[in-house]
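Chains, contacts and geometry: an overview
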Amino acid sequence: MDSNRVIKVEVPSNKDFSRIMRLTAAGAADACGFNVDMIEDVKVMVSEVFGSIIESGCPGAVISFEPAEGRLVVLFETCNGEPVLKGANEMTVPILEALAGSVDSDKNGSLRLVIE
Amino acid sequence: MTQTHNDDKLFEEYIRTGNIEIRNLIVEKYYYMAKVLAGKFLNRGVDYDDLLQVASLALVKAAERFKPDMDNKFSTFATPTIIGEIKKYFRDKASLIRMPRKHYELYPSIKNAYDTLTHEMNMAPTPLQIAEATGNSPEEVIEVLEMVRTGNISSLDEEFDEEGYSRMEALGDPDPGFEGIETRDMYERALSLLDENEKRVIIMRYNQGMSQKDIADNFGVSQMYISRLEKKIYSKLRKKLDSN
């Protein structure tokens, strides 16, 4: 990720902050020039992953957004190094795969979404 | 909810017998997926009930197509199918022309005022009456109502009169005369940029349709000379016309 273009948010695992993450996601998606439907899709994806982080019982996460023209990369990392999708339900990954261009889980448990 | 061995048996039974009751059992069991996924696409201008209906039909399709011997679980198979159908629904049913956000937000209150006033007065309200009821300006009301009409696209193939003529048939073609005028104008402008010899070459070549060889004979020079001269003329014209 290009650090000059990255918006990094450290957020406690609390569903009250889900709305803040959706708003941040919408702002980052808007900066990519996405249309309203794509912005909504980005919000769905971010809520989905954030929900899974909350479910896993992990204390918090760092979510990084790297907006570029027509492309958004979102990186999720948990604060305790647990896999981001540890608390995912059976639909989480299929939802992400249906909406994002690519979904990559790293060995260290982080998750990278590329939306184009 | 995870897929159990019994679920696999249910799918196998359905594939073997094609019994609709078994398919319905599967659909009932996984109906929660349609509900969850429909809920994820709320606030995009389509009612939850409509989304749930689309998602449910997609779930039925997925149940009919799923084979338990595939590596996937049913939920992994059905989720993209349902999301795909929901997104297709948005593409097909949503207005082809998107209203600006401001108008989109104003529309529900204006539509509501329009319906209420129509009911109260037993006739359609004026933009001014709607504006007074909603606290918007009459211009805004007109703009929003106009935008909504613009969003309803008609097909070019749609018949629009009793004789069955389509809109496509009523469309005119560009008049070739216009292009001719434009070309002639450009041609005359180009000629005015050339010296007498260059002008003669171009007139012979394009007005009189002469070959390079014929022009060369006429000038008493080689065909190669005319070829090079032509290239020089094109380059000169390109530069001058570009700079203009």
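Here we summarise the structure given alongside this text.

Scoring rules and cut-offs
Residues numbered from 1 in each chain as written. Chains lettered and ligands numbered in written order. Predicted model: local features only at pLDDT ≥ 70, side-chain atom pairs only at ≥ 80, totals over all residues. Heavy atoms only, no water. Disulfide = S-S within 2.5 Å. Core = buried A, V, L, I, M, F, W, Y, C linked by side-chain atoms within 4.5 Å. Buried < 20%, exposed > 50% of the residue type's maximum accessible area, 1.4 Å probe, protein only. Helix = DSSP H or I, 4+ residues; strand = E, 2+ residues; numbered from the N terminus. Contact = heavy atoms within 4.5 Å. Salt bridge = Lys/Arg side-chain N within 4 Å of Asp/Glu carboxyl O. Nonpolar A, V, L, I, M, F, W, Y, C, P; charged D, E, K, R; others polar. Phe/Tyr/Trp six-rings, centres within 6.5 Å; stacked < 30°, edge-to-face > 60°.

**What to know about the state of the cysteines**
- Under the defined criterion, the tally for this structure stands at 0 disulfides over all chains.
- Its sulfur unpaired, C58 of chain A is 5.7 Å from the next cysteine sulfur, which belongs to C79 of chain A.

**Describing the nonpolar core**
- If you look at the biggest cluster of nonpolar residues, it comprises 63 residues, and the most contacted ones within it are F65, L72, F76 and L113 of chain A together with F74 of chain B.
- No other element matches helix α4 (residues 48-65) of chain B, which puts 9 residues into this core.
- With 13 residues, the next largest nonpolar core counts A190, L194, M210 and A216 of chain B among its residues.

**A closer look at the interface of chain B and chain A**
- Contact residues are listed per partner, giving 15 residues for chain B and 11 residues for chain A.
- Between K40 of chain B and E48 of chain A there is a salt bridge whose closest N-O contact spans 2.7 Å.
- Listed by contribution, the elements that provide at least two residues to the side of chain B that touches chain A are α3 (31-39) and α5 (74-93) of chain B.
- Sorting elements by how many residues they give to the side of chain B that touches chain A places α5 of chain B first, with 6 residues.
- Its residues assigned to classes, the side of chain B that touches chain A comprises 8 nonpolar, 3 polar and 4 charged.

**Here's the deal with the pattern of salt bridges**
All names here are of chain B.
- Summed over the entire model, instances satisfying the criterion amount to 13 salt bridges over all chains.
- Between E85 and K61 there is a salt bridge whose closest N-O contact spans 3.2 Å. In this pair, E85 is assigned in helix α5 and K61 in helix α4, connecting sequence segments 24 residues apart.
- Close ionic contact of K213 with D217 constitutes a salt bridge, the shortest N to O distance being 3.3 Å. Here K213 and its partner D217 are both found in helix α12 (residues 212-219), 4 residues apart, which amounts to about one turn of the helix.
- K213 gets classed as partly exposed once you look at its relative accessible area, which sits at 48%.

**With respect to the packing of aromatic side chains**
Residues and elements named next belong to chain B.
- Per the stated rule, a full pass over the model turns up 8 aromatic pairs over all chains.
- Here the aromatic rings of F11 and Y30 are separated by 6.4 Å at their centres, their planes lie at 35°, and the arrangement is tilted. Placement of F11 in helix α1 (residues 5-17) and of Y30 in the loop between α2 (20-29) and α3 is noted, with a sequence separation of 19 residues between them.
- On the basis of relative accessible area, F11 is assigned to the buried category, the value being 1%.
- A residue is classified by how much of its surface remains accessible, and Y30, at 3% relative accessible area, is buried.

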